[in-house]
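# Summary of the model geometry
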Amino acid sequence: KNQVEQSPQSLIILEGKNCTLQCNYTVSPFSNLRWYKQDTGRGPVSLTIMTFSENTKSNGRYTATLDADTKQSSLHITASQLSDSASYICVVSGGHNAGNMLTFGGGTRLMVKP
Amino acid sequence: EAGVAQSPRYKIIEKRQSVAFWCNPISGHATLYWYQQILGQGPKLLIQFQNNGVVDDSQLPKDRFSAERLKGVDSTLKIQPAKLEDSAVYLCASSFRTERSTDTQYFGPGTRLTVL
């Protein structure tokens with residue numbers, strides 16, 4: 001069964017600190033992996049997308065890594081800001097029809113405090 | 001560029017009532033998705049349209065949920081009759097092409113439904 005598990009479920013950090021969110025998946029065959037940011041009351045917004053051959057990708061203070069061998073990804077946030085408070089969702093594309101299935105993780109709810 | 005529009009933003013109904021949600025995708029986007037997001041969970045795909053045709057509705061509870069995109073632009077999602085477990089945020093997303101895995105989906109703000 002295709003699954004995406006994210007950890008931790010929730011996280012509280014102080015402004016200016018770094019943090020790392022984890023995503024483990026069992027989706028096979030694998031096509032790509034996206035990280036989305038979802039602000040409260042808003043729809044998700046894509047941060048990064050990585051294919052099998054990419055093991056790191058940055059978008060400003062956000063850096064995503066991918067280890068396709070261990071089926072793990074992480075999202076590292078550097079020098080956190082209050083505006084980083086949101087849910088972060090990992091989405092893996094693949095499965096029986098590799099170009100068609102999206103499996104969503106449950107998200108990590110991040111709160112950045114001043 | 002205008003984003004994906006959804007209305008209403010909030011809706012409260014009693015169980016067994018009917019409700020409808022509306023979505024206007026980004027202009028020129030061929031593909032439209034409806035998702036259900038229960039509190040604390042990731043979105044779950046309900047239905048995918050390409051223009052006015054259904055591509056995937058395998059996870060749509062067809063006994064009570066229906067959706068249409070008659071002219072290949074706006075779409076409506078209906079629940080009739082609603083159950084308590086339908087309480088969730090209903091997200092609409094659109095993308096330029098049909099390739100679900102590689103094409104970026106742009107999400108609307110969602111409609112938060114509470115069923116009492």
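What this report covers is the structure whose coordinates are included nearby. (Residues numbered from 1 in each chain as written. Chains lettered and ligands numbered in written order. Predicted model: local features only at pLDDT ≥ 70, side-chain atom pairs only at ≥ 80, totals over all residues. Heavy atoms only, no water.)

## Observations concerning the overall build of chain B
- A tally of helices and strands in chain B yields zero helices and 11 strands.
- Start at the N end of chain B and walk to the C end: the helices and strands fall as β-β-β-β-β-β-β-β-β-β-β.
- What you see for chain B is a C-alpha radius of gyration of 13 Å, in line with the 13 Å of a compact globule of 116 residues.
- The burial tally for chain B puts 46% of its 116 residues in the buried class.
- Long-range pairs, those at least 24 residues apart, make up 54% of the contacts in chain B with a sequence separation of at least 6.
- Total accessible area on chain B stands at roughly 5800 Å², and carbon and sulfur atoms take up 50% of it.
- Both charge centroids of chain B, one from 14 positive and one from 11 negative side chains, sit 5 Å from each other. (Helix = DSSP H or I, 4+ residues; strand = E, 2+ residues; numbered from the N terminus. Rg over C-alpha atoms; globule rule 2.2 N^0.38 Å. Buried < 20%, exposed > 50% of the residue type's maximum accessible area, 1.4 Å probe, protein only. Contact = heavy atoms within 4.5 Å. Areas by Shrake-Rupley, 256 points an atom, 1.4 Å probe, with all protein chains shown as cover. Lys, Arg positive; Asp, Glu negative; His and termini not counted. Charge placed at Lys NZ, Arg CZ, Asp CG, Glu CD.)

## Looking at the pairing of strand 7 (residues 62-67) of chain A
All names here are of chain A.
- Every second residue of strand 7 is oriented toward a common face, the buried set being Tyr-62, Ala-64 and Leu-66 and the non-buried set Thr-63, Thr-65 and Asp-67.
- When strand 6 (residues 56-59) meets strand 7, the two strands line up antiparallel, connected through four bridges. Bridge assignment links Asn-59 to a residue of strand 7, and that residue is Tyr-62.
- Taking the residues between adjacent antiparallel strands as the criterion, strand 6 and strand 7 are bridged by two residues, where Gly-60 takes a positive phi near 65 degrees.
- Both strand 7 and strand 8 (residues 72-77) contribute to a ladder of six bridges, which runs antiparallel. Pairing of Leu-66 across the sheet is with Ser-73, part of strand 8.
- Hairpin connection, strand 7 to strand 8: the antiparallel pair is bridged by four residues, and Lys-71 has positive phi, about 60 degrees. (Pairing = 2+ DSSP bridges.)

## A word on the interface of chain B and chain A
- On the chain A side, the residues contacting the 18 residues of chain B number 21 residues.
- For the interface between chain B and chain A, the tally reads four residue pairs in polar contact (both at pLDDT 80 or more).
- Residue classes in the side of chain B that touches chain A are distributed as five nonpolar, nine polar and four charged. (Polar contact = N/O pair within 3.5 Å; in protein donor to acceptor, adjacent residues only side chain to side chain. Nonpolar A, V, L, I, M, F, W, Y, C, P; charged D, E, K, R; others polar.)

## With respect to the sheet that holds strand 7 (residues 65-68) of chain B
Residues and elements named next belong to chain B.
- Taken in spatial order, the four strands of this open sheet run 1-3-8-7, and their pairing is antiparallel. Of all strands in the sheet, those bounded by a partner on one side alone are strand 1 (5-7) and strand 7. Taken pair by pair, the neighbouring strands of this sheet meet at an average axis angle of 15 degrees, ignoring direction.
- Across five bridges, the pairing between strand 3 (residues 19-24) and strand 8 (residues 75-79) is antiparallel. When the sheet's bridge partners are listed, Trp-22 is paired in strand 8 with Thr-76. (Axes fitted to C-alpha atoms, helices over the stretch in contact; angles between N-to-C directions.)

## Notes on the state of the cysteines
Residue and element names in this part refer to chain B.
- The final tally for this structure, using the stated rule, is two disulfides over all chains.
- Here Cys-23 engages in a disulfide with Cys-92; their sulfurs sit 1.9 Å apart. Since a negative S-S torsion denotes a left-handed disulfide, the Cys-23-Cys-92 link at about -70 degrees is left-handed. Placement of the pair is Cys-23 in strand 3 and Cys-92 in strand 9 (residues 88-95), with a sequence separation of 69 residues. (Disulfide = S-S within 2.5 Å.)

## What to know about the layout of surface pockets
- One number sums up the size of the largest pocket: a volume of about 1000 Å³.
- Around the largest pocket sit 46 residues that line it, and Gln37(B), Ile38(B), Gln41(B), Gly42(B) and Pro43(B) are the ones nearest its centre.
- Sorting the residues of the lining of the largest pocket by element identifies strand 1 (4-7), strand 9 (86-94), strand 10 (102-104) and strand 11 (108-113) of chain A together with strand 4 (31-37), strand 5 (44-50) and strand 11 (111-115) of chain B as the ones contributing at least two each.
- Along the lines of polarity and charge, the residues of the lining of the largest pocket split into 16 nonpolar, 21 polar and nine charged.
- Surrounding the second largest pocket, 15 residues form its lining, Arg42(A), Gly43(A), Pro44(A), Val45(A) and Phe107(B) being those nearest its centre.
- Residue assignment for the lining of the second largest pocket shows that the elements contributing at least two residues are strand 5 (45-51) of chain A together with strand 10 (106-107) of chain B.
- Broken down by element, the lining of the second largest pocket gets its largest block of residues, three residues, from strand 5 of chain A.
- Residues that form the lining of the second largest pocket fall into these classes: seven nonpolar, five polar and three charged. (1 Å grid on protein atoms, 1.4 Å probe; cavity = no way out; pocket = protein on both sides within 12 Å on 5 of 7 lines; lining within 4 Å. Points joined across faces, edges and corners; volume = space filled by probe spheres on them.)

Nothing here speaks to function; it is all geometry.
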